[in-house]
Structure formats: structure tokens, C-alpha cells
Amino acid sequence: MTTAELNDTFSIGGDLPVHRLGYGAMQLPGPGVWGEPADRAAAVRVVQAAVEQGVDFIDTADSYGPEISEQIIAEALHPYPENLVIATKAGLTRQGPDVWTPVGRPAYLKQQVELSLRHLKVERIDLIQLHRIDSEVPLADQLGAFVELKEQGKVRHIGVSEVSVEELQAARGITEIVSVQNLYNLTTRQSQDVLDHATAEGIAFIPWFPIATGNLAAPDSPVADIARELDATPSQVALAWLLQKSPVMLPIPGTKSVDHLTENLGAARLTLSAEDMARLDALA
């Protein structure tokens with residue numbers, strides 16, 4: 001894999017051009033996205049390999065570890081390449097493995113961004129995303145915390161995660177929203193309306209858990225058939241499908257394995273035919 005093969009780009013917020021196949025850093029910490037990884041050196045290596053193989057968009061969150069994912073990214077890459085865009089998130093607290101509790105109090109959100117600045121070793125967060133809307137705090141107050149930090153030069157762009165179209169529109173009424181990060185993949189498409197809205201408005205759509213082939217990757221499935229026809233893997237087909245669904249789509253497959261990373265990035269070389277896309281679309 002070379003940078004030249006990752007040649008399809010999107011400009012986040014109109015001024016942060018990135019290749020559309022990025023890297024998601026949720027899997028870097030230990031089990032349950034909690035604590036240190038079993039092999040920290042290997043985690044550092046996979047982040048370095050992502051950039052070496054052309055990735056210039058990395059997505060993480062303060063709650064991954066917590067803090068550990070951001071720290072591993074800094075250990076692996078700081079001082080950062082000039083063109084690297086790092087997105088992080090705030091708004092979920094952690095009480096243990098696989099436990100995620102929304103907290104949207106402005107003072108908390110601002111504290112977490114300050115900590116992310118420290119852990120990532122940067123003076124400004126390229127893209128801060130509200131990890132979840134806290135139903136107990138007015139949305140204007142939650143996003144207002146990020147707006148204050150943006151005015152202070154500590155945040156460049158603001159995004160949201162796991163929102164409906166109505167929530168996205170409400171957020172855009174408060175401040176400029178350049179990205180939305182929702183669950184979306186071959187098997188889970190409840191956010192199709194959000195993707196359609198983001199596409200129409202030119203907002204980056206970052207599908208989390210982008211590879212979820214499950215039974216669709218069975219040997220006799222359309223995904224497996226298309227993969228064989230293209231000399232590819234089912235995961236690569238799933239990612240290629242995402243890339244071709246919308247020009248604003250920025251998949252961020254995550255892995256702890258350099259080999260798996262290289263496999264994922266190979267999806268950028270695939271071109272699915274209209275027939276292939278129709279067969280995959282029909283799996284919904």
C-alpha cells in the first residue's frame with residue numbers, strides 16, 4: 001500500500017483535506033476499550049504503520065482507555081506529520097470495561113478537551129466531536145462549550161455523534177457542524193437518512209463500526225461472491241461499498257494488527273460495479 005493508492009479525498013470543514021479511508025483508534029486500549037493494551041509497543045506500531053501506508057485521518061476519543069488511545073497516538077506519531085488530521089471526542093464517561101455514560105455538562109466537556117490537548121500534545125484539536133448528546137443538559141450548552149474553546153483557538157472544527165437528522169439540524173442551528181459520526185455499515189443502516197442529509201449538505205459522515213459483515217461474509221453470500229470476483233476480502237468489499245455510497249463518507253476501520261490494517265486499506269483500490277453495489281444494497 002502506498003499513499004498514491006489512497007487518492008480519494010474529502011475536505012473536512014472545507015479546509016482539512018484527508019484521504020477518505022482513515023483509521024479508528026478505539027481498539028488500541030485493552031479489552032472493553034479499558035486500560036492498557038496487552039502489547040503497547042504493537043499498538044504504537046500499528047498507528048505508525050497507518051500513517052506510513054497513507055492514512056492522514058485518525059479518529060479517537062478521550063474515553064478510549066480512557067485517555068490511553070490518545071496517549072498511544074502521541075507516542076507513535078508526535079511530532080505529527082503536517083498533513084495529519086486527528087479527530088477526538090468528549091462526552092462519554094467510563095466507569096469500567098464496556099461501560100459508557102453520557103455527561104454533557106459544559107465544565108466537564110471543556111476539562112476533557114483540555115486533557116485531550118495535553119494527551120495528544122497539540123495546541124488545537126482539529127475536530128472535536130460531541131460523543132453523545134446528554135439528555136439532561138441543553139444541547140446549546142453542550143455545543144457551547146466547544147464553541148468557547150473554538151473562539152479561544154483550542155478547537156478548529158466541531159462535529160456530533162449518534163444523532164438523528166432532527167438533532168443534526170438542531171446542532172447546526174447552534175454552530176457550524178462539519179461532521180457526524182453514526183453507526184452505519186452493510187448490516188446496520190438505521191442512519192441512512194442522516195447519511196442522505198450529510199451528503200446533501202456536504203457534511204463528513206464518519207461511520208463507526210464500518211466493517212460488520214457477519215453472516216454476509218459466509219462462503220455462499222453475495223459479499224463473499226463479489227470478494228472472490230475482485231480477488232479481495234469480504235472486509236475490503238464492505239469498506240469499498242461504504243466509500244462508493246457517498247462522497248462524504250469517511251470510514252475509519254480500526255485494528256491492532258498491521259496485517260489487518262494493510263488489508264483494510266486495500267479497499268481503496270477496489271471499484272465496485274453498479275451491479276455489485278445493487279447486490280450489496282439489497283442486503284439491507
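Note: the structure precedes this text.
The following refers to the structure shown. A quick note: this is a predicted structure, and the numbers were derived from the prediction, not measured.

1. Details of the overall build of the chain
Next up, step 1: A count of helical and extended segments in the chain gives 10 helices and 11 strands.
Next up, step 2: In terms of overall size, the chain behaves like a compact globule, its C-alpha atoms giving a radius of gyration of 18 Å where 284 residues would be expected to give roughly 19 Å.
Next up, step 3: Across its three principal axes, the chain shows a C-alpha extent of roughly 55 × 40 × 35 Å.
Next up, step 4: Scored against the burial criterion, the 284 residues of the chain give a buried share of 55%.
Next up, step 5: Expressed as a percentage of contacts within the chain between residues at least 6 apart in sequence, the contacts between residues at least 24 apart total 74%.
Next up, step 6: Here the chain has roughly 11600 Å² of accessible surface; of this, 50% comes from carbon and sulfur atoms.
Next up, step 7: Taken together, the 21 basic and 38 acidic charged side chains of the chain have centroids lying 3 Å from each other.

2. What to know about helix H6 (residues 192-201)
Next up, step 1: Among all positions of H6, only Val194, Leu195, His197 and Ala198 are buried. One side of H6 holds all its buried residues, which, seen down the axis, span an arc of 165°.
Next up, step 2: In this structure, the buried residues of H6 make contact with helix H5 (165-172), strand S10 (179-181) and strand S11 (204-205).
Next up, step 3: Taken from the residues just after H6, glycine 202 is the one with a positive phi, measuring 70°.

3. With respect to unusual backbone geometry
Next up, step 1: Geometrically, the link from glycine 65 to proline 66 is a cis peptide bond, its omega value of -10° lying close to zero.
Next up, step 2: By the secondary structure assignment, proline 66 is in the loop between strand S4 (57-59) and helix H2 (68-77).
Next up, step 3: The omega torsion of the bond from histidine 78 to proline 79 falls at 0°, within 30 degrees of zero and hence cis.
Next up, step 4: In this fold, proline 79 is placed in the loop between H2 and strand S5 (85-90).
Next up, step 5: In the Ramachandran plot, valine 33 falls in the positive-phi region, its phi being about 55° despite a non-glycine side chain.
Next up, step 6: Summarising the element assignment, valine 33 is placed in the loop between strand S3 (23-24) and helix H1 (40-52).
Next up, step 7: Although it is not a glycine, aspartate 231 adopts a positive phi angle of roughly 55°.
Next up, step 8: Mapped onto the fold, aspartate 231 is located in the loop between helix H7 (222-229) and helix H8 (234-245).

4. Regarding the pairing of strand S1 (residues 9-12)
Where a strand is regular, its side chains alternate between the two sheet faces.
Next up, step 1: Because side chains alternate across S1, one face comprises the buried residues Phe10 and Ile12, and the other comprises Thr9 and Ser11, none of which is buried.
Next up, step 2: Bridge count between S1 and strand S2 (residues 16-19): 4 bridges; the pairing is antiparallel. Bridging from a neighbouring strand, threonine 9 pairs with histidine 19 of S2.
Next up, step 3: What sits between S1 and S2 in their antiparallel hairpin is a turn of 3 residues, with glycine 13 showing a positive phi close to 65°.

5. Digging into the environment of glutamine 190
Next up, step 1: Its place among the elements puts glutamine 190 in the loop between S10 and H6.
Next up, step 2: Residues glutamine 190 and histidine 19, 171 residues apart in the sequence, show an inter-C-alpha distance of 25 Å.

What counts, and at which threshold
- Residues numbered from 1 in each chain as written.
- Predicted model: local features only at pLDDT ≥ 70, side-chain atom pairs only at ≥ 80, totals over all residues.
- Heavy atoms only, no water.
- Helix = DSSP H or I, 4+ residues; strand = E, 2+ residues; numbered from the N terminus.
- Rg over C-alpha atoms; globule rule 2.2 N^0.38 Å.
- Buried < 20%, exposed > 50% of the residue type's maximum accessible area, 1.4 Å probe, protein only.
- Contact = heavy atoms within 4.5 Å.
- Areas by Shrake-Rupley, 256 points an atom, 1.4 Å probe, with all protein chains shown as cover.
- Lys, Arg positive; Asp, Glu negative; His and termini not counted.
- Charge placed at Lys NZ, Arg CZ, Asp CG, Glu CD.
- Arc of directions from axis to C-beta.
- Pairing = 2+ DSSP bridges.

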